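# Per-entry structural report
Listed below are the residues making up each chain.
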Amino acid sequence: MTQTLNNSSTDKIIYTLSIQVSLNGLSFCVSDTEGQIIFLNQDNFGIQLTPEQVLDKIKYALDHHPELQITINTIEIIYQNNLYAIVPKTLFDPNLLKEYLQFNIKILATDFIAYDEMDQHELVSVYIPYTNINNFFFETFGSFTYKHSTTVLIDSLLTKEKNNDRTTVYAHMGKKSFDLIVIKKGKLILCNSYRYETSEDFIYYLMFTAEQLGLNPEEFKLLFLGHIDKDSDCYTLAYTYVRHVDIGSRSDTVRLSDRFSDIATHEHFVILSHF
């Protein structure tokens, strides 16, 4: 679906704008023709907004960030929410999108349901994007690409784990929510998202998931990604319950300009892993 926007034969550099959208915050990323990241900005709201309020934040950023005033050739939106389900491709039917979601979330008659196919892994992510934001980009820029954040997470992590015989649990951390991805011998076992307020909330969901899946905390490896460091309460508490805990990393193929060279390899994992 990716389209070239506002491009002409005189343009020497092609710019791609990626926006990671959640109700709790936004991330903006601009890459150039060579795939080098030349701009990266994150706006954490502190509270959960409505999709209409988030769109206002997007419009403000596009109007007020000088780095976003350049000619953008391609736009990619990544939706991060818990309005999704992961379906094995062998069981997937595009006529049953509502059925895949209705057991986990409340679906309105007006909701538009989309899906991303992960052909390499024989999986499909079924989800609800924010229609008002899609409409804005279509009306303003004409064409763009969008996908769900779990598509990026699962694709990146399964590729990383494809030759491993171990069981790895990835915790992709946000300020108020986290994604838990369990991979065993290169196969996806679980992908789920949880809201949390305290480190005790986090460890409850982690250990409950481990118990339900029959995972031994002495054996599996827990890797943190996203908004976290080794001094964080969630990391410290996890270390008292799980034997093997560490910070994960994204692919080393991501090229950051000198301005952003100090960003750790586990930070901004989703928006930087889809390049």
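Everything here concerns the structure above.
Throughout what follows, the structure given in this document is the object of discussion. A quick note: this is a predicted structure, and the numbers were derived from the prediction, not measured.

### Observations regarding the overall build of the chain
Across its full length, the chain holds 7 helices and 14 strands. Here the C-alpha radius of gyration of the chain, 19 Å, is about what a compact globule of 275 residues would show, namely 19 Å. C-alpha extents for the chain along the principal axes are approximately 60 × 45 × 35 Å. Sequence separation of at least 24 residues holds for 58% of the intrachain contacts in the chain that already meet a minimum separation of 6. Accessible surface for the chain amounts to roughly 14,200 Å². Of this, 47% is attributable to carbon and sulfur atoms. Separation between the mean location of the 22 positive side-chain charges and that of the 35 negative ones in the chain comes to 3 Å.

### Remarks on unusual backbone geometry
You will see that K185, though not glycine, has its phi angle at about 50°, which is positive. The topology assignment puts K185 in the loop between β10 (177-184) and β11 (187-195). The class of K185 is exposed, set by a relative accessible area of 55%. Although it is not a glycine, H268 sits at a positive phi angle of roughly 50°. Positionally, H268 belongs in the loop between β14 (255-256) and α7 (269-273).

### Description of the packing of aromatic side chains
Tallied over the full model, the rule gives 18 aromatic pairs. With a centroid separation of 5.7 Å and an interplanar angle of 70°, the aromatic rings of F178 and Y196 are classed as edge-to-face. You can see F178 sitting in strand β10 and its partner Y196 sitting in the loop between β11 and α5 (199-213), a full 18 residues away along the chain. Residue classification places F178 among the buried positions, given a relative accessible area of 1%. What links up through ring pairs into an aromatic cluster is the set F178, Y194, Y196, F202, Y204, Y205, F208, F224, Y235 and Y239.

### Some details on the pattern of salt bridges
Taken as a whole and assessed by the stated rule, the structure comprises 7 salt bridges. A salt bridge links K89 to E117, with the nearest nitrogen and oxygen atoms 3.2 Å apart. Of this pair, K89 sits in the loop between β5 (84-88) and α2 (97-102) while E117 sits in strand β6 (residues 114-118), and the two are 28 residues apart along the sequence. Accessibility expressed as a relative area gives 43% for E117, which makes it partly exposed. Residues D119 and K89 are paired through a salt bridge, measuring 2.3 Å at the closest nitrogen-oxygen approach. Of this pair, D119 sits in the loop between β6 and β7 (123-127) while K89 sits in the loop between β5 and α2, placing them 30 residues apart in sequence. Here the residues in one salt-bridge network are K89, E117 and D119, joined through shared partners.

### A few points about the side chain of N81
In this structure, N81 sits in the loop between β4 (74-79) and β5. Residue classification places N81 among the buried positions, given a relative accessible area of 10%. A distance of 2.9 Å separates a polar atom in the side chain of N81 from a polar atom in the side chain of H148. Ignoring any residue separated from it by four or fewer positions in sequence, one finds N81 in contact with I128, Y130 and H148.

Thresholds applied
Residues numbered from 1 in each chain as written. Predicted model: local features only at pLDDT ≥ 70, side-chain atom pairs only at ≥ 80, totals over all residues. Heavy atoms only, no water. Helix = DSSP H or I, 4+ residues; strand = E, 2+ residues; numbered from the N terminus. Rg over C-alpha atoms; globule rule 2.2 N^0.38 Å. Contact = heavy atoms within 4.5 Å. Areas by Shrake-Rupley, 256 points an atom, 1.4 Å probe, with all protein chains shown as cover. Lys, Arg positive; Asp, Glu negative; His and termini not counted. Charge placed at Lys NZ, Arg CZ, Asp CG, Glu CD. Buried < 20%, exposed > 50% of the residue type's maximum accessible area, 1.4 Å probe, protein only. Phe/Tyr/Trp six-rings, centres within 6.5 Å; stacked < 30°, edge-to-face > 60°. Salt bridge = Lys/Arg side-chain N within 4 Å of Asp/Glu carboxyl O. Polar contact = N/O pair within 3.5 Å; in protein donor to acceptor, adjacent residues only side chain to side chain.

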